[in-house]
Amino acid sequence: MQHKRTNLLLPLVFLILIIGCSLPAYAQKSHKRKIEKYLSRATILMQTLDFGEALENLEKAYKLDTSNAPVNFQIGKCIFEMHEDKRVSDKYLRLACDSGLIESYVYYAQILHLEHKFDEAIALFKKYKAIEGSKNVRDNEIYDFIKTSKTAKQMVADSANVVITALRGKVNTKFAERMPFLNADETTMYFSSRKPDSANGEQRIKWLSDDILVSHKVNGHWDEAKKIPELNSFMNDVCAGLSMDGSAMIIHRPDNERGDGDYYFTELKGTKWGVPILMNRDINSFYGERNACLSSNANIMYFSSNRPGGYGGYDLYVVKRLANGKWGRIYNLGPKINTVGNEDTPFIFADDKMLYFSSDGNDGMGGYDIFEAEIISDTSWSRPINLGYPINSVNDDKHFVLAPDRRSAYYSAQKKGGKGSYDIYHIRMPYLHKSLGIIEGYVYSNDTYEPLKAVIRVYKNDKVIGVYYSNSASGKYLVVLEPNEEYSIEVSTPGFDVMTKPLHFTEEKGVAKIQMDLQLFRTK
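Please read these numbers as outputs of a predicted model, since none were measured by experiment.

Rules used throughout
Residues numbered from 1 in each chain as written. Predicted model: local features only at pLDDT ≥ 70, side-chain atom pairs only at ≥ 80, totals over all residues. Heavy atoms only, no water. Helix = DSSP H or I, 4+ residues; strand = E, 2+ residues; numbered from the N terminus. Buried < 20%, exposed > 50% of the residue type's maximum accessible area, 1.4 Å probe, protein only. Contact = heavy atoms within 4.5 Å. Pairing = 2+ DSSP bridges. Axes fitted to C-alpha atoms, helices over the stretch in contact; angles between N-to-C directions. Core = buried A, V, L, I, M, F, W, Y, C linked by side-chain atoms within 4.5 Å. Phe/Tyr/Trp six-rings, centres within 6.5 Å; stacked < 30°, edge-to-face > 60°.

Asks: Looking at this model, I keep getting lost on the side chain of Asn172. Mind explaining?
Replies: Inspection of the secondary structure assignment puts Asn172 in the loop between strand E1 (163-166) and strand E2 (177-182). According to the relative accessible area criterion, Asn172 is buried, its value standing at 7%. Among residues more than four places away in sequence, those in contact with Asn172 are Ala166, Leu167, Glu177, Lys419, Asp423 and Ile424.

Asks: What is the right way to read the sheet that holds strand E25 (residues 455-460) from this model?
Replies: Read from one edge of the open sheet, 4 strands run E26-E25-E28-E29, paired in antiparallel fashion. Only two strands of the sheet have a single neighbouring strand rather than two, namely strand E26 (463-469) and strand E29 (499-503). The sheet shows a mean angle of 20° between the axes of neighbouring strands, taken without regard to direction. Examined bridge by bridge, E25 and strand E28 (residues 487-492) share 5 bridges and lie antiparallel to one another. Pairing of Ile456 across the sheet is with Val491, part of E28.

Asks: Before we go on, may I ask you to explain the nonpolar core in this structure?
Replies: Across soluble globular proteins, you tend to see nonpolar side chains buried next to one another. In this structure, Met249, Ile391 and Phe400 are the most contacted members of the largest nonpolar core, which totals 46 residues. Leave out the neighbours within four places in its chain, and Met249 touches Tyr190, Ile212, Leu231, Cys239, Gly241, Leu242, Tyr264, Phe265, Thr266, Trp273 and Leu294. Membership of the second largest hydrophobic core comes to 26 residues, among which are Val106, Ile111, Val137 and Met365.

Asks: Is there a simple way to explain helix H4 (residues 90-98) in this structure?
Replies: Since one α-helical turn is 3.6 residues long, residues separated by three or four positions face the same way. Among all positions of H4, only Asp90, Tyr92, Leu93, Ala96 and Cys97 are buried. Looking at the buried side of H4, the elements it contacts are helix H2 (51-64), helix H3 (69-82), helix H5 (103-114) and helix H6 (118-130). In the segment just after H4, Gly100 is the residue with positive phi, at about 85°.

Asks: Looking at this model, I keep getting lost on unusual backbone geometry. Mind explaining?
Replies: Negative phi is the rule for most residues except glycine; trans is the rule for most peptide bonds. The amide bond that connects Tyr389 to the next residue, Pro390, takes the cis arrangement and shows omega of 10°. Structurally, the position occupied by Pro390 is in the loop between strand E20 (385-386) and strand E21 (398-402). Even without being a glycine, Tyr449 presents a positive backbone phi close to 60°. Structurally, Tyr449 is set in the loop between strand E24 (437-445) and E25.

Asks: Explain the packing of aromatic side chains here, please?
Replies: Applying the stated criterion across every chain, the model contains 12 aromatic pairs. Between Tyr190 and Trp273 the ring centres are 5.8 Å apart and the planes differ by 85°, which places this aromatic pair in the edge-to-face class. Here Tyr190 is found in strand E3 (residues 188-193), whereas its partner Trp273 is found in strand E10 (residues 272-273), with 83 residues between them in sequence. We classify Tyr190 as buried; its relative accessible area is 8%. Exposure remark for Trp273: the relative accessible area of 7% places this residue in the buried category. Here the aromatic rings of Phe303 and Tyr317 are separated by 5.7 Å at their centres, their planes lie at 20°, and the arrangement is stacked.

Asks: Looking at this model, I keep getting lost on the pairing of E28. Mind explaining?
Replies: Both E28 and E29 contribute to a ladder of 5 bridges, which runs antiparallel. Across the sheet, the residue bridging to Val491 is Met499, located in E29. Between E28 and E29, which pair antiparallel in sequence order, lie 6 residues; one of them, Gly495, sits at a positive phi of approximately 90°.

Set out below in structure tokens:
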């Protein structure tokens, strides 16, 4: 009887063994089908540039098999395309590269470049270039990558004598602080921030919202920044340009109809900013406009646009304000400044002669580098010069502004040890050029001592070289001039006699600050 029962159990045990052995294979095939489904869906989403949803599908595939090379490559590629710090994709691309997935070589070589492993990056680029057959990246693009790594290696070796430090004070946070603009005496700074609590209302999309903030320097430190209600809307609001005296500003906002950005112009009315006015359709084209800047007296505007007729992606343009207050004809800055790549974040120095801007089309360390060029004439520029390492880095470097003493500069950048994705940094430059002079003071009446809004014209050799205005609430004015020249200042306002004063100051090692109050007498 026992023998018979044993014979009955043997087929059952055998069946269980077969099923048990088949289950892992079946599960493996099921996992493989799911991974292929997630990969296929992610590939379609990435073709439409929907990297966020593509990454969600890839992460599901990654949970099923963390060692799958195609999954790791696509995750790394997704993160590389959408993340501000591309090095976050390192471990995924490294695994794909080690697995021999050749298209991952180009991406991982770029990670090595970002980590200053230039020789390793060059070797991997060359390895990819040597592979025969069909590839996604053309040889001329690989040549450009190799050239950039070689340039970066040389620039790091020839490091410039500058000191870069994060701003002292309460400006930088764990969120992105970008696009700093300062008045000439470096006491007031406007910038843009993406703080979640910077929205004007709970319904705003917080992770996309930019607001304009202001901070003041107190005892060498920047105080806590505050948003400016009259300049911020429910959209992204960015300070795109500021005059030297801090009395005029360009604001950049999205266009609801087209999705591209438009420029708005506003002026400081006493202690409040005026309502931002949309600039004309010659300046705001039906294409893209990005960053801009204003000359020292706010009568010249430089800006970046990808409108037709340029030399590449985004080009730099200039437009001057006419005597009637309207803006005149727009000019492209030409092929010495603009390239087949993109030029952006222009900044004109206080002397209105030196232009600083960012470009990814000129030779640099990778991404956007900061360059300087000098105005030779209204239609001619010197060849741009790269500001070098460590001002420029292997990341995007933009929003460079230089103070009148030529020794203090500011920009926003991503750096190790920073508080957030972008922080604002101070750059201490070597003493290479003569500083400009800041002439500032107050315009007031002789009898009541009330502040006056006046027109201040600066003459050199009997020619007007600048027109400025004093603040209507405080009477304060600020003018920036070169030393060792003979000037005269003419001050006028209705109901008062015109005042004319000579002005001369000599060069100093450091900015010359001249306090000159202007007292006007009522017309009898």
